[in-house]
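Structural overview for review
This is what each chain is made of:
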Amino acid sequence: MKNTFGNQLSVTIFGESHGDCIGAVMDGLAPGIALDLDFIKQQMEKRKAKGNISTQRKEADEIHIVSGYFEGYTTGTPLTILIENTNTRSHDYEKTKNRLRPSHADYTADIKYLGYQDYRGGGHFSGRLTAVLVAAGAIAMQVLKEKGILIGSHILQCHHIKDDKFSTKEDILEEQISQMNQCDFALLNQKKAEEMRKVIEEAAMQGDSVGGIIETVVLHMPEGIGEPFFDSIESRISHLLFSVPAVKGVEFGEGFDFAKLYGSEANDAILFDGKVKTATNHNGGINGGISNGMPIRIRSVIKPTPSIYKQQDTIDKETHEPVKLQIQGRHDPAIIHRARVVIDSMVAIGLLDLIMEREATLSMLHNRKRK
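For every chain, the first residue of the written sequence is number 1, and numbering continues from 1 along that sequence. With the structure being a predicted model, the display of local features is reserved for residues of pLDDT at least 70 and the display and counting of side-chain atom pairs for 80 or more, all residues being used for whole-chain, interface and lining totals. Only hydrogens and water are removed before side-chain values are computed, so all heavy atoms of the structure are retained for them.

1. Considering the overall build of the protein
Note on conventions: DSSP H or I runs of at least 4 residues are helices, E runs of at least 2 residues are strands, and numbering of each starts at the N terminus. Summing up its helical and strand segments, the protein has eight helices and 18 strands in all. With C-alpha atoms as the basis for the radius of gyration, the globule rule is written as 2.2 Å multiplied by the number of residues raised to the power 0.38. A compact globule built from 371 residues would reach a C-alpha radius of gyration of about 21 Å, and the protein, at 21 Å, matches this within 12%. Projected onto its principal axes, the C-alpha coordinates of the protein cover approximately 70 × 50 × 35 Å. Only protein chains enter the accessibility calculation, which uses a 1.4 Å probe. A residue is then buried if its area is under 20% of the maximum for its type, exposed if over 50%, and partly exposed in between. For the protein, with 371 residues in total, the buried portion stands at 49%. Here, two residues are considered to be in contact whenever any of their heavy atoms come within 4.5 Å of each other. Here the contacts in the protein between residues at least 6 apart in sequence split such that 72% fall between residues at least 24 apart. To measure how exposed things are, a 1.4 Å probe is used in the Shrake-Rupley method; for residues, cover is taken only from the protein chains shown. Carbon and sulfur atoms form 52% of the exposed surface of the protein, whose accessible area is close to 18900 Å². Charge-centre separation for the protein: the mean point of 44 positive side chains lies 1 Å from the mean point of 49 negative side chains. The charged-residue count follows a simple rule in which Lys and Arg add positive charge and Asp and Glu add negative charge, with His and chain termini not counted at all. A charge is said to be at NZ when it belongs to Lys, at CZ for Arg, at CG for Asp and at CD for Glu.

What follows is the structure, given as C-alpha cells:
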C-alpha cells in the first residue's frame, strides 16, 4: 500500500475525505530553506471552491506545519503538513453506501481493501487529498523559483470552449505565466471566461458535469535533467499527474498531434543563440527523456466530475441486483478551474526531485572536467 512518491525528495500523503484531517510528509528538503507561508496560502486559495461553479463544501484549508520547520526555515528533517477537515456531511453517503457510483473507485476500493475502506466522500481516493499536494507543491515551487524556474497553467479547454494557447516566445511566455499565477480562473483570453462559466453553470442546472484540458509550461528549466527510459521527465511527471484522481490523459510537446506530422515537420532544428536551443519546440523541451533547455510543455485531460445528480444505473454491491442511484451531497459541476494549481504542484514536486538527483550526481563529479 504505497502512498509515497520520490527519490531525493519524497512526498507521502495520508488521510480521508471525511476523516479528522489529511496530511503530507516531505522528506529530503535541505535545511535552511526560507518558506513564504503567504505564498502557500495563495496557492491553497486557488484550489478552494468558489461560487456556483464549484461544490458548496467550503473548507478553510488552513495548513499546519507540525515538524521540519522552525523559526521560518526548514530544518532538514521530515516536514509534516496537516489540514483539518472541518465541513463534512457524512450522512449524505449513508443511504447509498452499497450502491456503486459509476466512474468512482467504489468497486475497486472495496476489492483492494476488503470492504474496510472509509467510503465517505470517496475516502482516500477523494480529490480532497489534492489539498495537501498543493501545499507540498507550493514549497517545491519556492525552491524552483530560487533556481529561476517558473511553472504556470491555464484552462486550454472546458468542454467545447477553447482558450488561446501559450505563446512560443519565451519573453511573452514569462508574462503569461505571471498573469496565470495571479488568476483564480486561469485563462489567457479572459473573453472566454463568461462562456466557460456558462457551460459549467448549464451542466450544474442539468445535474451534470464537464471536463477539459489544462496546458502547463515550465520556463528556464536547465538542460540535462531527467534520465533515459524509466525515469525520463515524461515518465516521472506522468506518474505524478496520473495520480491526480481526475486526470485521464497526459501529453508532452505536440503529443498526439505528432501522429499527423512528417518527421521533417516534427523535428526541431538546432541553432546557437548565445546557447544551444531549437528553432521550434515540438518536443516540448525534452529529448531522450532529458531536458534540453527549451520550455517544457504539458497538456492534461481532466475528466468530467463523476459525482453528478442525474439518476444513473448501477448495482447493489451486496446483492448484485441492478438499482438506480441518485447521488446526494455537495459536488463540483467542474473541477478544471480548481485542478490547474494541483497540476502545477505535481509538476513542481516531480521536477524538484529530478533536479535534486542531478545535483547529487554532479556533487560527486565536481572535480572532473567534461570531455
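2. Description of the side chain of N189
With respect to the helices, strands and loops of the structure, N189 is situated in the loop between α4 (170-180) and α5 (193-205). Classification of N189 as buried rests on a relative accessible area of 19%. Setting aside chain neighbours within four positions, we find N189 in contact with D163 and D164.

3. Here we look at the nonpolar core
Membership of the largest hydrophobic core comes to 74 residues, with the highest contact counts inside it found for M26 and V347. Considering every element that reaches this core, the biggest residue donor is helix α8 (residues 336-363), with 14 residues. Residues within four places of V347 in sequence aside, it is in contact with I151, T216, V218, I237, L241 and I298. Judged by nonpolar contacts, the second largest core, of nine residues, contains I177, C183, V217 and L219. Nonpolar core, defined: a set of buried Ala, Val, Leu, Ile, Met, Phe, Trp, Tyr and Cys residues in which side-chain atoms within 4.5 Å join the residues together.

4. Comments concerning the environment of L271
Mapped onto the fold, L271 is located in strand β12 (residues 270-272). By relative accessible area, L271 is classed as partly exposed at 34%. When neighbours within four sequence positions are excluded, L271 is seen to be in contact with V276, K277, T278 and A279.

5. A closer look at helix α3 (residues 130-146)
Here α3 spans 24 Å end to end across 17 residues, near enough to the 24 Å set by a 1.5 Å rise per residue. When you tally the buried positions in α3, you get 15 out of 17 residues, the bulk of the element. Looking one or two residues beyond α3, the residue adopting positive phi is G148, at roughly 85°. Multiply 1.5 Å by the residue count of a helix minus one, and that product is the helix's expected span.

6. Things to note about the packing of aromatic side chains
Pairing of aromatic rings covers Phe, Tyr and Trp, the last through its six-membered ring, and needs centres within 6.5 Å; plane angles under 30 degrees mean stacked, over 60 mean edge-to-face, and all others mean tilted. Taken as a whole, this structure holds one aromatic pair when the rule is applied. Between Y113 and F125, the aromatic rings sit 6.2 Å apart at their centres with planes inclined by 65°, giving edge-to-face as the arrangement. With Y113 in the loop between α2 (106-112) and α3 and F125 in the loop between α2 and α3, this pair connects stretches of sequence that are twelve residues apart. A relative accessible area of 35% means that F125 is categorised as partly exposed. The aromatic ring of F185 is capped on one face by R197, whose charged end is 4.5 Å from the ring centroid. Lysine NZ or arginine CZ positioned within 6 Å of the ring centre and within 35 degrees of the ring normal marks a charge as sitting over the ring.

7. Comments concerning the pattern of salt bridges
Any Lys or Arg side-chain nitrogen found within 4 Å of a carboxyl oxygen on Asp or Glu counts as a salt bridge. Under the criterion given, the structure shown has 15 salt bridges. The partner of K48 in a salt bridge is E45, and the shortest N-O contact between them spans 3.4 Å. For E45, a relative accessible area of 34% corresponds to the partly exposed category. Among the ionic pairs, D332 bridges to R338, the shortest N-O distance being 3.0 Å. Considered together, D332 and R338 belong to a single accessibility category, that of buried residues.

8. Details of the side chain of S126
Structurally, S126 is set in the loop between α2 and α3. Of the polar contacts made by the side chain of S126, one reaches the backbone nitrogen of R128; its length is 2.9 Å. If we ignore the near neighbours within four places in the chain, the residues touching S126 are S17, G121 and P245. Counting of polar contacts relies on pairs of N or O atoms within 3.5 Å, with two restrictions inside protein: one atom must be capable of donating a hydrogen and the other of accepting it, and residues adjacent in sequence are counted only when both atoms are side-chain atoms.

9. Regarding a nonpolar patch on the surface
Within the patch definition used here, like charges are joined within 9 Å and nonpolar side chains (Val, Leu, Ile, Met, Phe, Trp, Tyr) within 5 Å, considering only residues with over 30% relative accessible area and no salt bridge. Nonpolar side chains collect at one region of the surface, where I270, F272 and V276 lie side by side and expose about 370 Å² of accessible area between them. Among the structural elements, F272 can be located in strand β12. Residue class for F272 comes out exposed when judged on its relative accessible area of 62%.

10. Here we look at the sheet that holds strand β16 (residues 296-302)
Strands were regarded as paired on the criterion that DSSP finds at least two bridges between them. Ordered in space as β9-β8-β10-β16-β11, the five strands form an open sheet in which the pairing is antiparallel. What marks the edges here is a single partner per strand, and that holds for β9 (161-162) and β11 (247-252). One ladder, built from seven bridges, connects strand β10 (residues 212-219) with β16; its direction is antiparallel. Each bridged residue has a counterpart across the sheet, and for G212 the counterpart in β16 is I302.

11. Here we look at the packing of helix α6 (residues 233-241) against α8
Relative to each other, α6 and α8 sit at 140°, their axes nearing to 9 Å. Classified by the angle their axes make, α6 and α8 are oblique. With respect to the hand of their crossing, α6 and α8 are arranged in right-handed fashion. Residues I233, R236, I237, L240 and L241 of α6 touch α8, and the partners they reach there are I343, M346, V347, I349, G350, L351, D353, L354 and E357. Inter-axis angles, ranging from 0 to 180 degrees, are taken between N-to-C directions of lines fitted to C-alpha atoms, where helices are fitted over the stretch in contact. By definition in this entry, angles of less than 35 degrees are roughly parallel, angles greater than 145 are roughly antiparallel, angles of 65 to 115 are roughly perpendicular, and the rest are oblique. Crossing handedness follows the turn of the near helix against the far one: under a right angle anticlockwise gives a left-handed crossing, and clockwise gives a right-handed one.

12. Things to note about the pairing of strand β3 (residues 21-27)
The side chains of a regular strand alternate between both faces of the sheet. Bridge analysis of strand β2 (residues 10-15) against β3 gives six bridges, and the strand direction is antiparallel. Note on β3: the bridge partner recorded for S10 is D27. Where β2 hands over to β3, the hairpin turn is made up of five residues, counted between the paired strands. Here β3 runs beside strand β7 (residues 79-84); their pairing, made up of six bridges, is antiparallel. By the bridge assignment for β7, A24 is matched with I81.

Treat this as a map of the structure, not an account of what it does.
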